[in-house]
Amino acid sequence: MGIKMIIHDEDDIFMGCRSLVVPGIYRVDEGEAMGLLEALSWLRQLGLQRVRIEMVAKTVVDAVRSTNGVISV
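Everything quoted here is computed from the prediction, not taken from an experiment.

**With respect to a nonpolar patch on the surface**
Together, Leu40, Leu46, Leu48, Val51 and Ile53 make up a nonpolar patch on the protein surface, roughly 390 Å² of accessible area in all. Along the chain, the position of Val51 falls in the loop between α1 (28-46) and α2 (58-65). Given a relative accessible area of 41%, Val51 falls into the partly exposed group.

This is how it looks when you write it as structure tokens:
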């Protein structure tokens, strides 16, 4: 599975990107959750705090927005 991350500034100007390969086959929501964790780790390393993260898997988006963070599929 491949994870791709791109950073743009508030004017949508490209600032950087990162990609990694994770061995194995995962469901879309599992891959999206792993990508989110990697993105948050990268953002922390860069010292970025006010960010907008775009994701595809609705179950992961809903879990992040929920109060308990539990994903049910």
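**Re the confidence of the model for the protein**
Summarising the model, the protein shows a mean pLDDT of 86, and 90% of its residues fall at 70 or more. Looking across the protein, the model is least confident in α2, with a mean pLDDT of 83, and most confident in strand β2 (residues 14-21), with 93.

**Considerations on unusual backbone geometry**
Phi at Asp12 takes a positive value of approximately 65 degrees, unusual for a residue other than glycine. Using a relative accessible area of 55% as the deciding quantity, one classes Asp12 as exposed.

**Brief notes about the environment of Asp9**
With respect to the helices and strands, Asp9 occurs in the loop between β1 (2-8) and β2. A polar side-chain atom of Asp9 sits 2.9 Å from the main-chain amide nitrogen of Ile13.

**So, the pairing of β2**
In this structure, β1 lies alongside β2, joined through seven bridges in antiparallel fashion. In the sheet register, His8 faces β2, and the bridge partner there is Phe14. The antiparallel pairing of β1 with β2 creates a hairpin that spans five residues between the two strands, and Asp12 there sits at a positive phi of about 65 degrees.

**Examining the pattern of salt bridges**
If charged atoms from side chains of opposite charge come close, those side chains can pair. What the rule picks out here adds up to four salt bridges. Close ionic contact of Lys58 with Asp62 constitutes a salt bridge, the shortest N to O distance being 2.7 Å. Of this pair, Lys58 and Asp62 both sit in helix α2, four residues apart, which is roughly one turn of the helix. With a relative accessible area of 58%, Lys58 lands in the exposed category. Of the residues examined, Asp62 reaches a relative accessible area of 35% and is grouped as partly exposed.

About the criteria used
Residues numbered from 1 in each chain as written. Predicted model: local features only at pLDDT ≥ 70, side-chain atom pairs only at ≥ 80, totals over all residues. Heavy atoms only, no water. Patch = residues over 30% accessible without salt bridge, like charges linked within 9 Å, V, L, I, M, F, W, Y side chains within 5 Å. Areas by Shrake-Rupley, 256 points an atom, 1.4 Å probe, with all protein chains shown as cover. Salt bridge = Lys/Arg side-chain N within 4 Å of Asp/Glu carboxyl O. Helix = DSSP H or I, 4+ residues; strand = E, 2+ residues; numbered from the N terminus. Buried < 20%, exposed > 50% of the residue type's maximum accessible area, 1.4 Å probe, protein only. pLDDT = per-residue confidence, 0-100. Polar contact = N/O pair within 3.5 Å; in protein donor to acceptor, adjacent residues only side chain to side chain. Pairing = 2+ DSSP bridges.

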